[in-house]
Amino acid sequence: MTAAPKILPDLTAADRAFEEQLATLTDRFSMRILQRKLPDGVTPYELAARNKWSFCETLALITAAADAGDLKVRTAPDGQIRFVWLPGSIPPLTFHERKILKAACRDLADGPAEIWLTGLAHEFGCATPTVLRALDFLVSADLLSRSAKTYALTDLGAQLITDQEEPA
């Protein structure tokens, strides 16, 4: 046997680096600045380029942050992450989602009620599944709440509507 000490690798360095990257990703100040600069949504590509991370690394970090509840994620039907935003802030909305939210504000002013999918689809000139997907997203973004078939406007959803109606 030799008397030379064995050099062991630092097995926790990768975990520490991941935690530091996760803290950088979920930093509220920098995410708010990004959300202002990119009103159409903060995509994983922009996060990767901004932080000089690989795309796979960025996706792993976004998934970990979303699982922890530090970020909200919008995915495409195939599971691809389209954009991220902070919980409690308003995500970018599509045309149909904005129209449905305005209709919800109009129709749900007296409290929770059922939203008639076919009526909204007819009103907006789109298919019923489009309205259903938009409603599901509005519920996941905390702009509407749902109990069975009844929807209600949340405080964040009402704030969005009042912010849009005020003249700039």
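Everything discussed here concerns the structure shown above.
Residues numbered from 1 in each chain as written. Predicted model: local features only at pLDDT ≥ 70, side-chain atom pairs only at ≥ 80, totals over all residues. Heavy atoms only, no water.

Draft legend 1. Broad picture of the packing of helix α1 (residues 13-25) against helix α4 (residues 55-68). It is at 10 Å that the axes of α1 and α4 come closest, and there the two elements cross at 75 degrees. As the angle between them shows, α1 and α4 are arranged roughly perpendicular. Across the interface between the two elements, F18, Q21, L22 and L25 from α1 touch E57, A60, L61, I62, A64 and A65 from α4. (Axes fitted to C-alpha atoms, helices over the stretch in contact; angles between N-to-C directions. Helix = DSSP H or I, 4+ residues; strand = E, 2+ residues; numbered from the N terminus. Parallel < 35°, antiparallel > 145°, perpendicular 65-115°, else oblique. Contact = heavy atoms within 4.5 Å.)

Draft legend 2. Local environment of the sheet that holds strand β5 (residues 150-153). One open sheet accounts for 3 strands, arranged β3-β5-β4; its pairing is antiparallel. One side of each edge strand has no neighbouring strand; the edge strands of this open sheet are β3 (113-114) and β4 (144-147). One ladder, built from 4 bridges, connects β4 with β5; its direction is antiparallel. Its bridge partner being in β5, L144 is matched across the sheet by L153. (Pairing = 2+ DSSP bridges.)

Draft legend 3. Local environment of α4. Compared with the 20 Å implied by 1.5 Å per residue over 14 residues, the 20 Å span of α4 between its first and last C-alpha is a close match. Along α4, the positions that sit buried rather than exposed are T58, L61, I62 and A65. Looking down the long axis of α4, one finds its buried residues gathered within 100 degrees of arc, a one-sided arrangement. Away from its buried face by more than 90 degrees, α4 exposes C56 and D67. The inward-facing, buried residues of α4 contact α1, α3 (44-51), β1 (72-75) and β2 (81-85). After α4 finishes, the residue G69 shows a positive phi value of roughly 85 degrees. (Expected span 1.5 Å × (residues − 1). Buried < 20%, exposed > 50% of the residue type's maximum accessible area, 1.4 Å probe, protein only. Arc of directions from axis to C-beta.)

Draft legend 4. Fine view of the nonpolar core. Ranked by internal contacts, the top residues of the largest apolar core, which has 25 residues, are I100, L101, L143 and L144. Counting residues per element, this core draws most heavily on helix α7 (residues 128-140), which supplies 5 residues. In this structure, L144 is in contact with L101, A104, L108, L135, L138, V139, Y151, A152, L153 and T154, ignoring residues within four places of it in sequence. By size, the runner-up hydrophobic cluster in this structure holds 14 residues, among which are L22, L34, I62 and A65. (Core = buried A, V, L, I, M, F, W, Y, C linked by side-chain atoms within 4.5 Å.)

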